[in-house]
Amino acid sequence: MSDEHQPGWVLDPDRPSVARMYDYYLGGKDNFSADREAANRVMAAIPSAREITRANRGLLSRAVRMMAGLGVRQFLDIGSGLPTQENVHQVAQRAAPDSRVIYVDNDAIVLAHARALLADNPLTTVVEGDLREPEGIIDHPDVRARIDFDRPVGLILLAVLHFVPDEDRPAEIMARLRGPLAPGSHLAISHAYAGGVSQDIEAQVRSAYDGTGPGCFIPRGVDEIRTFFEGTELVGPGLVQVADWRPEGEPDRSDMSQPGFLAGVGRVV
């Protein structure tokens, strides 16, 4: 994406976007100088930030394949971000062509990209929604038209809950999202984790996100992240560093002293 040739749907290229920063970490081109500057500040503080983000993308593929293998045919991806390779619908529909996928985001850039990408896919759609208003997502007409909440659903919230401040009660938001899910549904979450980094390093990372839409970045500890899975049974290997959640090869032993994303998948019983 060129700074000199901005599409009409770009609202403010001078303000960093969480979605575009994530795209930059992944090596994409849908980002502007403001996004790259903010992301570079994060990588200066946490040199493994790009590796962590790419590991998070790998988690998405593995978690969706697992859910599809267990018979889940409906997926709701909240905070989906800019489309890239191996999106939920591509993974799910490769495993089970009848899988229905709904992407939810409140970023105009994400919505424009996703709608263009999905124009010819009748089983996949994108809706505008805000994680802080979970009923607005669950009761959205397009969601209700495509998701049968009496059957198992794959609910996916990767790298999004750390943009919800404590005052917005993220654990309560998760409880309201889980409420309609039928037994056999699965919940996949990844969340920023500071590990043993210094308060100065954590402050540098958090400040890099101050100018974004969410205006915050809140790493949380193991016990805090675990509360988001209440009402589910964590499947193996439990809550671990994102690269260690069912990797393709031999798993490493999670080093919980290191910063990163913690990830887990819970089954609704």
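See the structure above.
Given the structure is predicted, the values throughout are model-derived calculations rather than measurements.

Cut-offs and rules
- Residues numbered from 1 in each chain as written.
- Predicted model: local features only at pLDDT ≥ 70, side-chain atom pairs only at ≥ 80, totals over all residues.
- Heavy atoms only, no water.
- Helix = DSSP H or I, 4+ residues; strand = E, 2+ residues; numbered from the N terminus.
- Polar contact = N/O pair within 3.5 Å; in protein donor to acceptor, adjacent residues only side chain to side chain.
- Contact = heavy atoms within 4.5 Å.
- Salt bridge = Lys/Arg side-chain N within 4 Å of Asp/Glu carboxyl O.
- Buried < 20%, exposed > 50% of the residue type's maximum accessible area, 1.4 Å probe, protein only.
- Pairing = 2+ DSSP bridges.
- Right-handed = clockwise from strand over helix to strand, strands pointing away.

Trainee: What exactly am I supposed to notice about the side chain of S190 here?
Mentor: As for its placement among the helices and strands, S190 is situated in strand β5 (residues 186-193). Polar contacts involving the side chain of S190 include one to the main-chain amide nitrogen of A159, which spans 2.9 Å. If near-sequence neighbours (up to four positions away) are discounted, S190 is found in contact with N56, L59, L157, L158, A159, V160, F261, L262 and A263.

Trainee: Help me understand the pattern of salt bridges in this model?
Mentor: Oppositely charged side chains can form a pair if their charged atoms are brought close together. For the structure shown, the criterion picks out eleven salt bridges. Note that R94 and E86 form a salt bridge whose closest N and O atoms lie 2.7 Å from each other. Here E135 ties to R176 by a salt bridge, and the two come within 2.8 Å at their closest N and O atoms. Of this pair, E135 sits in helix α6 (residues 134-138) while R176 sits in helix α8 (residues 170-178), placing them 41 residues apart in sequence. Residue E135 is classed as partly exposed on the basis of its relative accessible area of 36%. Residue classification places R176 among the partly exposed residues on the basis of a relative accessible area of 38%.

Trainee: Sorry if this is basic, but what is going on with unusual backbone geometry here?
Mentor: A negative phi angle characterises most non-glycine residues, just as the trans form characterises most peptide bonds. Omega for the peptide link from G236 to P237 comes to 10°, which places this bond in the cis form. Within the secondary structure, P237 is located in the loop between β6 (232-234) and β7 (240-241). A positive phi angle, close to 55°, is found at R169, a residue other than glycine. On the secondary structure map, R169 appears in the loop between β4 (154-158) and α8. At R246, a residue that is not glycine, the phi angle is positive and equals roughly 45°. Note on placement: R246 falls in the loop between β7 and β8 (260-268).

Trainee: It is not clear to me how the pairing of β4 should be interpreted in this structure. Could you clarify?
Mentor: Within β4, five of the five residues are buried, which leaves the element mostly enclosed by the surrounding structure. Going residue by residue along β4, you find G154, I156 and L158 tucked away on one face and L155 and L157 tucked away on the opposite face as well. Of the strand pairs in this sheet, strand β1 (residues 74-78) and β4 are connected by three bridges, and their pairing is parallel. Counterpart to D77 in the pairing with β4 is I156. Bridge count between β4 and β5: five bridges; the pairing is parallel. Each bridged residue has a counterpart across the sheet, and for L155 the counterpart in β5 is L187. One crossover worth recording links β4 to the parallel β5 by way of α8, and it is right-handed.

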